[in-house]
Amino acid sequence: MVETFVQSTDDVVKFLKDQHNLIKDMFDEVFSASDAKAREEAFVDLRQLLAVHETAEEMVVHPRVRHEAAKGDEIVDARLAEEHEAKKMLSALEGMDIDSKEFLDELAKFRDAVIDHAEHEENEEFTKLENKLSADDRGRMAKAVLAAQAIAPTRPHAGVESAKANFIAGPFASMLDRARDAIAAAVR
């Protein structure tokens with residue numbers, strides 16, 4: 001499992017913004033990889049971080065935004081629709097030849113969608129959490145996000161975008177994903 005190297009774990013907003021920046025850097029690593037093997041390793045790390053990051057937001061952040069923000073349902077529903085599409089795009093990328101021009105073209109579209117999604121989260125969700133919640137609440141949420149990421153699936157699962165679906169399907173999907181990851185790493 002990829003280490004996130006995000007140091008700030010005392011504020012959920014800072015933690016997730018730092019992960020957004022790390023994700024942008026990881027896209028650059030995939031694009032600048034020197035060969036197919038390096039690109040595959042960078043892509044796997046990116047995929048894993050995206051999967052656990054989005055799962056934690058679905059389990060912890062989105063439910064809180066629904067509760068705290070005016071038009072919270074509308075804001076979260078739009079983010080969940082984006083996450084659903086991103087999971088489908090990521091699944092399609094997994095099935096492509098990582099050394100092909102098609103992969104790089106689709107990865108560029110995916111990167112743009114992910115960055116746009118992150119900006120929406122930061123502007124529409126994170127600012128609301130900063131304005132509505134105390135530092136202690138944001139700290140507790142950061143710990144909950146870390147716990148969710150520790151048990152989250154490491155691959156995209158389109159259709160599992162709600163907190164409830166993640167609590168029901170997540171542990172089983174996580175177990176299977178982590179087994180697949182271990183097997184894949186052993187045969188590389």
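Residues numbered from 1 in each chain as written. Predicted model: local features only at pLDDT ≥ 70, side-chain atom pairs only at ≥ 80, totals over all residues. Heavy atoms only, no water.

Identification of the protein as Hemerythrin from Mycolicibacterium moriokaense is taken from an unreviewed UniProt entry.

### Some words on helix 2 (residues 36–68)
Spelled out, the test is: Strands are runs of DSSP state E lasting at least 2 residues, helices are runs of H or I lasting at least 4, and numbering of each runs from the N terminus. Given the number of residues in a helix, its expected span is that number minus one, multiplied by 1.5 Å. In this scheme, the bend at a residue equals the angle between the axes fitted to the seven residues that finish there and the seven that begin there. Counting of polar contacts relies on pairs of N or O atoms within 3.5 Å, with two restrictions inside protein: one atom must be capable of donating a hydrogen and the other of accepting it, and residues adjacent in sequence are counted only when both atoms are side-chain atoms.
For helix 2, built from 33 residues, the straight-helix expectation of 48 Å at 1.5 Å per residue is met to within 8% by its first-to-last C-alpha distance of 45 Å. A bend of about 40° at Glu58 is the largest found in helix 2. Here helix 2 starts with a cap whose side-chain oxygen sits 3.2 Å from the backbone nitrogen of Lys37, and that cap is Asp35.

### Topic: helix 4 (residues 101–132)
The cut-off we apply is this: When a residue's accessible area, from a 1.4 Å probe over protein chains only, is under 20% of the maximum for its type it is buried; when over 50% it is exposed; and in between it is partly exposed. Note on contacts: a residue pair is in contact if any heavy atoms of the two residues lie within 4.5 Å.
Here helix 4 contains 32 residues, and its C-alpha end-to-end distance of 45 Å stays within 8% of the 46 Å for a straight helix at 1.5 Å per residue. The largest bend in helix 4 comes to about 35°, at Glu122. If you check which residues of helix 4 are buried, you get Phe103, Leu107, Phe110, Val114, His117, Ala118, Glu121, Glu122, Glu125, Phe126 and Leu129. Structurally, helix 4 contributes buried residues whose contacts are with helix 1 (12–32), helix 2, helix 3 (72–94) and helix 5 (135–151).

### Some thoughts on the packing of aromatic side chains
Put simply, the rule is: Stacked, edge-to-face and tilted are the three classes for Phe, Tyr and Trp ring pairs, Trp counted by its six-membered ring, which pair at centre distances within 6.5 Å; planes under 30 degrees apart are stacked, over 60 edge-to-face, the rest tilted.
Across all of its chains, the model carries 2 aromatic pairs by this definition. An angle of 85° between the planes, with centres 5.3 Å apart, marks the rings of Phe43 and Phe103 as edge-to-face. Residue Phe43 is found in helix 2, and its partner Phe103 is found in helix 4; the two are separated by 60 residues along the sequence. Neither residue differs from the other here; Phe43 and Phe103 are each classed as buried.

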